[in-house]
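So you can see what is in the structure, the chains are spelled out below.
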Amino acid sequence: MMRSILLLAAFGLAADAARADPAAPVAAQVPASAGAPQAATGKPRLRPDLTLSRDIVSFGDLIAGLSPQDGALPAFRAPALGETGTIQVGRIVEAALKNGILREALDLDSQGLAQVVVTRAARRITGQDIESAVKTALLERFGFDARAFALVFDGGAPSVAVEPELPGEMVALDLTYDARSRRVIGRLAVPGSAATRLKPVRVSGLLVETIDVVVPVRPIARGETLTAGDVMVERRPRDPGTNDQLSEMRAAIGKVARRSLLAGVALRGGDVQREEIVGRGEMVTLVYEARGVLISMRARANEAGAMGDVIAVTNLNSKRVLQGTVSGPGRINVSPPGGGHVAAAR
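This structure is a prediction, so every number in the text was calculated from the model and none was measured.

Participant: Can you help me understand unusual backbone geometry in this one?
Facilitator: Across the chain, the bulk of peptide bonds are trans and the bulk of non-glycine residues have phi less than zero. In this model, Gln111 sits at a positive phi of 55°, which is unusual for a non-glycine residue. Here the phi dihedral of Arg182 falls at roughly 60°; this positive angle occurs in a residue that is not glycine. By secondary structure assignment, the location of Arg182 is in the loop between β11 (171-178) and β12 (183-189).

Here you go:
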C-alpha cells in the first residue's frame, strides 16, 4: 500500500494532455488482462492506448503480460471525465522500475512507442439536457410551463461530463426564477454522480419566447427554386429586431431564392419570391376575353411578374400602357376599364 501511495504522489498524467472531442463516442474500457499479446520473447508489452472508467490508471492497464498482483498496482491518475491525456513511455518505465515491476528498462517491449494515450470514459450532458431539467423544475416548483420558451444561457451552455454508467437525467438541486425578467439561476446534478455531487452544474440565463421559423437544410443558390426537401421548420428564440421571418413551409416551397441562402439561417420574406414566368422586356400575348369575345394582340412587358401578378405592358400597335394580370408563361389578361371597349384593341 505504501509503495502505491508513493507512486501516485510521484507520478501524474502528462501535463500536455490533449482535449477529447466532446461529441465523439467513447470506446469500451480496456481490461487489465486484455490488449496486445506478449512479444515472442515473453517480455511484458506496452499498450499504445486505453480507455478507462476509473480515475486511476493501473500498471495492468498500461502493460500487458504482468502478474495479477503487479497489474493491479496503481500507477497514474487518469484524466478528468471525458478527457484524453498522454503518459510518456520514459515515465512509465521509471515508475515500473521504482515499484519493482521491471528489473531493467529492457525488460519491457515498448513497441517503439514514445507515449501512451489514455482516455477517461464519460457520458456527455448536452445543453438541451440542461434546458429540459430547468424547464421541468420550473413547472414543478413554480407552476410555469416553459415549453414555448428557450433558455438562453449566460456565456453559453456549460460542458458537463458524468460517469458513463449513470443512466439518470439531470435534475435541479435548487432554482430561482424571476417572473418579471424571466431570469433563471440554479444548480443541477445527475443523481449518483460523484462529479456533479462535488461540483454541481451552475446555470444562469433568460427564458425567451420561441417561434416557428423556416430554415434551409442546405445552401441554396440565387435563382434556385425551393422544394419541400430544401427547407424545414424549427422552433427558435424570437428575434425582437425581425418581424418578417417565414413561419410556414408553404411560404417558401415553390419560391425562388432572391439571393444565396445559407443552411440553418432563418428565412425572411425578402429572401424568396414567386417564380417569374414573364420577364421584363419580354414579348407577350395580350388577351381580352369577355361575353364570348376573345381578342389577342402582341405587347411588351414593362416589368417582370409571377403567376397572378398585375404588371404594366405596352400595346405594340397603339403604344398605350395597360395593366394586366399574368395568367401563364408569356400571357397577360386585361379587362376594359369600367366595362368599356378594350383600349388595346384600337
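Participant: Is there a simple way to think about the environment of Ala105 in this case?
Facilitator: Relative to the helices and strands, Ala105 is located in the loop between α4 (89-98) and β7 (115-120). The sequence separation of Ala105 and Val93 amounts to twelve residues, and the corresponding C-alpha distance is 6.2 Å.

Participant: Would you take a moment to explain α4 for this structure?
Facilitator: What sets the pattern is the α-helix's 3.6 residues per turn: residues three or four places apart point alike. For α4, the complete set of buried residues consists of Val89, Ile92, Val93, Ala95 and Ala96. For α4, the angular spread of buried residues about the axis comes to 165°, placing them on one side. The outward face of α4, more than 90 degrees from its buried face, is lined by the exposed residues Gly90 and Lys98.

Participant: Can you walk me through helix α5 (residues 127-142) in this structure?
Facilitator: With 16 residues, α5 extends 22 Å from end C-alpha to end C-alpha; this agrees with the ideal 22 Å at 1.5 Å per step. Inspection of α5 places Ile130, Glu131, Ala133, Val134, Ala137 and Leu138 among the buried residues, and these make up the whole buried set. Taken around the axis of α5, the buried residues stretch over an arc of 160°, which confines them to a single face. Residues Gln128 and Glu140 are exposed on α5 and point more than 90 degrees away from its buried face. Looking at the buried positions of α5, the neighbouring elements they touch are β8 (123-125), β9 (149-153), β10 (160-162), β11, β12 and β13 (201-216).

Participant: Could you clarify how one ought to interpret the sheet that holds strand β2 (residues 49-52) in this entry?
Facilitator: Here we have three strands laid out as an open sheet, ordered β2-β7-β6, and mixed in their pairing. Each edge of the open sheet carries a strand with a single partner, namely β2 and β6 (84-88). Here the strands of the sheet are splayed against their neighbours by 25° on average, with no regard to which way each runs. The pairing of β2 with β7 spans four bridges and is parallel. From the neighbouring strand, Thr51 faces β7, where its bridge partner is Thr119. Running over the sheet, α4 touches β6 and β7 and is turned about 65° from β6.

About the criteria used
Residues numbered from 1 in each chain as written. Predicted model: local features only at pLDDT ≥ 70, side-chain atom pairs only at ≥ 80, totals over all residues. Heavy atoms only, no water. Helix = DSSP H or I, 4+ residues; strand = E, 2+ residues; numbered from the N terminus. Buried < 20%, exposed > 50% of the residue type's maximum accessible area, 1.4 Å probe, protein only. Arc of directions from axis to C-beta. Expected span 1.5 Å × (residues − 1). Contact = heavy atoms within 4.5 Å. Pairing = 2+ DSSP bridges. Axes fitted to C-alpha atoms, helices over the stretch in contact; angles between N-to-C directions.

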